[in-house]
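Survey of secondary and tertiary structure
Chain by chain, the residues run as shown.
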Amino acid sequence: MLILPFIIGGYFACNYLTGHHVVEAHSNFGFWGQFDIQGHIAFQISAMALIFVNAILINFLFNRNDFMEKNSFIAALLYVTLMSFQHSFYFLDGLSVAQTVLILVLFQLFKLRQNEDGRRAVFNAAFLFGLACTFSPILLLGTPVLFWMIWVFRPFIFRESLLIILGFTVPLIYSGVYSMVFDVQLEREGFSSSSTDGHLLDVAVLVGAVFLIFLTGVNILLNKLRVSSIRLKKVFRMLLLLSLLFGAMPILEYFAFGKLDAIGLIIFPLSFYLPYAFGTKELRSFPSFLYYLIFFFSVGKFFIPFDSFAF
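Residues numbered from 1 in each chain as written. Predicted model: local features only at pLDDT ≥ 70, side-chain atom pairs only at ≥ 80, totals over all residues. Heavy atoms only, no water.

**Some points on the overall build of the chain**
Looking only at helices and strands, one finds twelve helices and two strands in the chain. Scanning the chain from its N terminus toward the C terminus, one meets helices and strands in the order α-β-β-α-α-α-α-α-α-α-α-α-α-α. If you line up the chain on its principal axes, its C-alpha atoms span 55 × 55 × 35 Å. Per-residue burial for the chain yields a buried fraction of 54% across its 311 residues. The contacts of the chain with a sequence gap of at least 6 include a subset with a gap of at least 24, amounting to 80%. Accessible area of the chain: about 14,900 Å², with a carbon and sulfur share of 69%. (Helix = DSSP H or I, 4+ residues; strand = E, 2+ residues; numbered from the N terminus. Buried < 20%, exposed > 50% of the residue type's maximum accessible area, 1.4 Å probe, protein only. Contact = heavy atoms within 4.5 Å. Areas by Shrake-Rupley, 256 points an atom, 1.4 Å probe, with all protein chains shown as cover.)

Encoded structure:
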């Protein structure tokens, strides 16, 4: 955890020196409009700061909710390493802001209990999800999943359902007023806040690495599910819904807008699953070997033209 800022800074320095991920003329923030980020180092520093905050929040949720018997810090390291393949790691845009807000949604959902009053957590979760949608409007298609995730923890209560609708619409109203006052023109491309800067080989390596790590940890994960509490099983079910949603979003965005960067959304829910591959008591060698391969590729891509070797 202590070296995470240095790892993030190292990735940034490598990209600054090589220009592997190219800064675009404008960064899209959904309903809040587009901003010129060229020459503004603050947008790059803010992106790195958000990545660090996201990693800390994910690891805090992982340890606080007893995903493992003892504290582990590999979730944060995995998140940072895997996100380094994404344009939003290096340059602030609506997608990177939306991801931070979505992690805060998990904080609210994890507070829910079957037999306790959940109105405040439900409203806050819906409000934050609506706020994330204002920064990345394509997330609006996932609104039914928000209800589904809440109903995993809570029985259907009409009053709480109204609070979900109210909390969800409030940020949309505010962003709509902002768009009218500042004359923000939201065109079709504005519904996708991710970058057009994409490297197909990077995405292929990222997907393959995540799949292999997940595959090596399936047995440990299933054993954990068999002995876990009812609440933790519900948490895993909710994360599965989130993973399916964020797995569908990049596919939809690719066919609708020709972009690849939205695949970064699925990394943070998978960060709760992937640590099981590395073992719960002793560090397993093969997943560790896979991680080092991913890490060396994530750094090597800045200096070695792997794309030229791809068919």
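**Section: the packing of helix α2 (residues 41–64) against helix α3 (residues 74–83)**
For any two helices packed against each other, one specifies the crossing angle of their axes together with the interaxial distance. Running from amino to carboxyl end, α2 crosses α3 at an angle of 145 degrees, the nearest separation of the two axes being 8 Å. Note on packing geometry: the crossing formed by α2 with α3 is right-handed. Along its contact with α2, which presents I51, N54, A55, I58, N59 and F62, the element α3 presents I74, A75, A76, Y79, V80 and M83. Grouping the constituent residues of the contact of α2 with α3 by class yields ten nonpolar, two polar and no charged. (Axes fitted to C-alpha atoms, helices over the stretch in contact; angles between N-to-C directions. Left-handed = near helix turned anticlockwise from the far one by under 90°. Nonpolar A, V, L, I, M, F, W, Y, C, P; charged D, E, K, R; others polar.)

**Structural notes on the pattern of salt bridges**
This model, assessed by the stated rule, comprises one salt bridge. A salt bridge links R154 to E160; its shortest N-O distance comes to 2.7 Å. The buried category is assigned to R154, whose relative accessible area is 6%. Under the relative-accessibility criterion, E160 is labelled buried at 4%. (Salt bridge = Lys/Arg side-chain N within 4 Å of Asp/Glu carboxyl O.)

**Concerning the layout of surface pockets**
The space that makes up the largest pocket amounts to roughly 510 Å³. Considering the residues around the largest pocket, the lining is formed by 24 residues, among which V207, G247, I263, I266 and L270 are closest to the centre. Contributions of two or more residues to the lining of the largest pocket are made by α8 (200–216), α10 (230–257) and α11 (267–270). Of all the elements, α10 adds the most residues to the lining of the largest pocket, at nine residues. Among the residues forming the lining of the largest pocket, the class breakdown is 22 nonpolar, two polar and no charged. (1 Å grid on protein atoms, 1.4 Å probe; cavity = no way out; pocket = protein on both sides within 12 Å on 5 of 7 lines; lining within 4 Å. Points joined across faces, edges and corners; volume = space filled by probe spheres on them.)

Read these as geometric descriptors, not functional statements.
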